[in-house]
Structure formats: structure tokens, C-alpha cells
Amino acid sequence: STKDAETVQMVNEMLLKEDVMSLRKIAAVRGLVSDSLRRRAWPFILDVSTTNVYRDAGGGESTGGEVPYHMLKCMSHKDDAVVRADIERSLWKYSKGWSVGERDRERARLSDIITASLEGNTQGVYYYQGLHDVASVLLLVCGEGSAHALLHKLVRCQLRDCTRSTIDPALRTLHLLYPILKHADRELYDFIKSQNEPALETPYFALSWYMTWFAHDVDSLEDSARL
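In this report, the structure presented in the accompanying data block is examined. (Residues numbered from 1 in each chain as written. Predicted model: local features only at pLDDT ≥ 70, side-chain atom pairs only at ≥ 80, totals over all residues. Heavy atoms only, no water.)

**Description of the overall build of the chain**
A tally of helices and strands in the chain yields 13 helices and zero strands. N-terminal to C-terminal, the α/β element order of the chain is α-α-α-α-α-α-α-α-α-α-α-α-α. Here the C-alpha radius of gyration of the chain, 19 Å, is about what a compact globule of 227 residues would show, namely 17 Å. Its C-alpha atoms put the chain at 60 × 45 × 40 Å along the principal axes. Relative to its 227 residues, the chain shows a buried fraction of 42%. For the chain, the share of sequence-separated contacts (at least 6 apart) that also reach a separation of at least 24 residues comes to 67%. Summed over its atoms, the accessible surface of the chain is roughly 12300 Å², and 53% of this surface lies on carbon and sulfur atoms. (Helix = DSSP H or I, 4+ residues; strand = E, 2+ residues; numbered from the N terminus. Rg over C-alpha atoms; globule rule 2.2 N^0.38 Å. Buried < 20%, exposed > 50% of the residue type's maximum accessible area, 1.4 Å probe, protein only. Contact = heavy atoms within 4.5 Å. Areas by Shrake-Rupley, 256 points an atom, 1.4 Å probe, with all protein chains shown as cover.)

**Quick word on the packing of aromatic side chains**
On inspection of all chains with the given rule, the structure shows two aromatic pairs. Arranged with centres 5.8 Å apart and planes meeting at 75 degrees, the rings of Phe205 and Trp209 form a pair that is edge-to-face. Summarising the aromatic geometry, the rings of Trp209 and Phe214 are spaced 5.7 Å apart at their centres and angled 20 degrees between planes, so their arrangement reads as stacked. The structure contains a cluster of three or more aromatic residues connected by ring pairs, namely Phe205, Trp209 and Phe214. (Phe/Tyr/Trp six-rings, centres within 6.5 Å; stacked < 30°, edge-to-face > 60°.)

**A word on the packing of helix α10 (residues 177-184) against helix α11 (residues 186-194)**
Where α10 contacts α11, the axes come no closer than 6 Å and their chain directions differ by 130 degrees. What the angle tells us is that α10 and α11 run oblique. For the pair α10 and α11, contact is made by Tyr178, Leu181, Lys182 and Ala184 and by Arg186, Leu188, Tyr189, Ile192 and Lys193, respectively. (Axes fitted to C-alpha atoms, helices over the stretch in contact; angles between N-to-C directions. Parallel < 35°, antiparallel > 145°, perpendicular 65-115°, else oblique.)

Keep in mind these numbers describe shape, not what the thing actually does.
In C-alpha cells form, the structure reads like this:
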């Protein structure tokens, strides 16, 4: 469409200018209209390099004292069993028409980027159920190396409250939903509050939206990537 073509042009201009603030606004308001654009824009928005040692899926040598990817993905961590269970039931909604072998290969890559991003919990970063949904979108849009670089940053920054040793920080952050809703949709906010329902004091209904960026609840990869 004409609007999509305009968006592509605007994003390309922002990437050339290295104008991250304008790029974030365009992504939020108009959306990044294709996976090829997302592959270029997401690393820039997150300020990560997809050509550094974390992309080393081929087992090359690291530089600057960093642990190479082929070593990180072999680290064990306290949540190994939970990750394995989540991986075994992952990718179904995104892999219609795939062979068993194709699905198994992508699941193996998904497991590797999650394990590598946790770095054996040595930095206090822990797995939570649902992180594999975020990682799945990154993997299928960007490929293994870039997906790891992005996830490595996300679990330490934007998703940090979710990757702590307990869920308490995530639940505290979730309480921000009601002040936001009060500002954005006062009628809906008033309706929820009028129920006087103790179960709604904490908006648990939105927990998966927040922790998986809707990837757990939305069936379309395109829609998940857009969100």
C-alpha cells in the first residue's frame, strides 16, 4: 500500500540518519511493515550489534574477553527442565506445513538462543515460562544469531522485571496497567473497578500480554512481530 511504502521510506531515512528516537515513534505508531525491515530496525532500536561475538553460531573465536555463542549455548542453568518442557510444545502455531525435522531444527535453535541468553544464571538472569514465545518471534523473524543478540539485551533491559529470581517485580510492574487504562479508556477502567472483584486487584488477566508481548496469545506471526 501507499502507506506501507511511505513507512519503508521513512524507516530507511531514520536508519541512515541514525535517529533512534524518531524510529521508535514510527515503529510504535505506524509499525514496521515487513520482516526485512524489522531485521534492520530492531537491532538499531535496541542498540545491539548482530555482527559481534554473540552471533558466533559457527564456533569461531571470541574477542574482547567475551564468551562466544557456541560456548554460551552449552551452559547449563537451573531452569533447564522448564525450558525443555516449553520448547517441546513451542512453534506449533507458527509452523503449519512444516515437517517434523524442520520443526525440531528450529526448536533446537530456540533452545540454544534461550540458554545462551541466560548465561547459566551467572548474572542473575532467569528463565520464565513464556520467554520462549518472545524468543520464537525473534528467531523466526531475524534468524538465530540476530535473535540471540536481541534476546540477550531484552532479558537484561526491557524484560528485566520478568527475568528476576521471583515473579514479584513483574507483578509490581503489572499494577501500572490500571493508571494507564484510566488515562487511555476511562469507561473501561470505571467498569473494571465497579466490579469490586478481589481477583481484579492485580490484573493477572494481562500477565501473559506483558511477559510475552502478546506472543503467547496471538496466533499470527505477522501480528506478533508487529506488536
